[in-house]
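So you can see what is in the structure, the chains are spelled out below.
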Amino acid sequence: MLDDYDGGRQKHQGHGPNAARQEMPHLHQILPCPDGNYLAAVDLGTDRIVTYTQDLKRISEVHSPAGSGPRHLAFAPDGQVAYCANELTNDVGIYRYHEGHFTYLHSVQALPDSFQGLTKAAAIRCTGEYVFVSHRGFDHISCFHRENEDLFKTADIPCGGRGPRDFDVYGDYIVSTNEDSEDVTVIAWKKPGYPCTERIALPHPLCVVQFHSV
C-alpha cells in the first residue's frame, strides 16, 4: 500500500476489511507529534497511522489490527507513548513513539463486558496519569489509569447526553459535546455518581478546544 506524493500533497490509498466503513482511506485526525518535527495522520479506512514531515514527506507507517478503525490519537505527557481510540472495535491501541516512528504494542478493550449494543469510539484524551475515551451509543466516557505502557480501567462515566463526539478534561470536570442530544454537558468526574453540573443546549456540537492565553 503506497501513497502518492505530489508537490506537498499526499493521497492515501487502500482499504480495510470492514466493507461498510473501510471501503477507502478515511483520515480522521492529523496532529503534530510531541517532538515538533512530524505529523501523525490517523487513517480509519486503512487501519494505519502514517507519519509525515512538516512538508508532507512520508517517514513511516504502522498498522493497527485489521478492522479496528483507528480514529483519534493522544500522546502521553512524556511524548514516548501514544494511545489511539479505535472506532470500529471500541478499544484503545497503545503505541511506543520515537522520532517519527510508531511501534504497536497491544490494545485494551474500553467497553464493559455487560454492554451488548451498537457503539462507536470517538475521542481520546490523555491528562497526566489518566486516559479517557468516549463512546457514541454506549454514551459513556471510559477512564483508564496509565501504568508504564499499559492501561487499567477505573470507571465508565456517563456523558450526560447522547453521542459524545468530543470532550475534554478540565481538572475535576469533563466537558462533553453530545452531538445526538444536541447539548454540551459538564461532568464532575471525580465525585461519586459523576453528577452532571451543567447542561447547555447547542445544535449538533462536535468539538471542544482549550484556549491558552499567551
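Criteria and cut-off values
- Residues numbered from 1 in each chain as written.
- Predicted model: local features only at pLDDT ≥ 70, side-chain atom pairs only at ≥ 80, totals over all residues.
- Heavy atoms only, no water.
- Core = buried A, V, L, I, M, F, W, Y, C linked by side-chain atoms within 4.5 Å.
- Buried < 20%, exposed > 50% of the residue type's maximum accessible area, 1.4 Å probe, protein only.
- Contact = heavy atoms within 4.5 Å.
- Helix = DSSP H or I, 4+ residues; strand = E, 2+ residues; numbered from the N terminus.
- Polar contact = N/O pair within 3.5 Å; in protein donor to acceptor, adjacent residues only side chain to side chain.

**Notes on the nonpolar core**
Point 1. Tyr-83, Val-92, Ile-124, Val-131, Val-133, Phe-144 and Leu-151 are the most contacted members of the largest nonpolar core, which has 16 residues in total.
Point 2. With near-sequence residues (within four places) excluded, Ile-124 lies in contact with His-72, Leu-73, Ala-74, Tyr-83, Cys-84, Ala-85, Val-92, Val-131, Phe-132, Val-133 and Phe-167.
Point 3. Val-42, Phe-75, Cys-84 and Tyr-95 belong to the second largest nonpolar core, which has 14 residues in total.

**Quick notes on unusual backbone geometry**
Point 1. At Asp-47, a residue that is not glycine, the phi angle is positive and equals roughly 55 degrees.
Point 2. Relative to the assigned elements, Asp-47 resides in the loop between β4 (38–43) and β5 (48–53).
Point 3. The exposure class assigned to Asp-47 is buried, which follows from its relative accessible area of 3%.
Point 4. For Tyr-194, which is not glycine, the phi torsion reads 50 degrees and is therefore positive.

**Some words on the side chain of Thr-53**
Point 1. For Thr-53, the position within the fold is in strand β5.
Point 2. Engagement of the side chain of Thr-53 in a polar contact is seen with the side chain of Asp-55, the distance being 2.3 Å.
Point 3. With near-sequence residues (within four places) excluded, Thr-53 lies in contact with Asn-37, Tyr-38, Leu-39 and Ile-59.

Keep in mind these values describe shape, not function.
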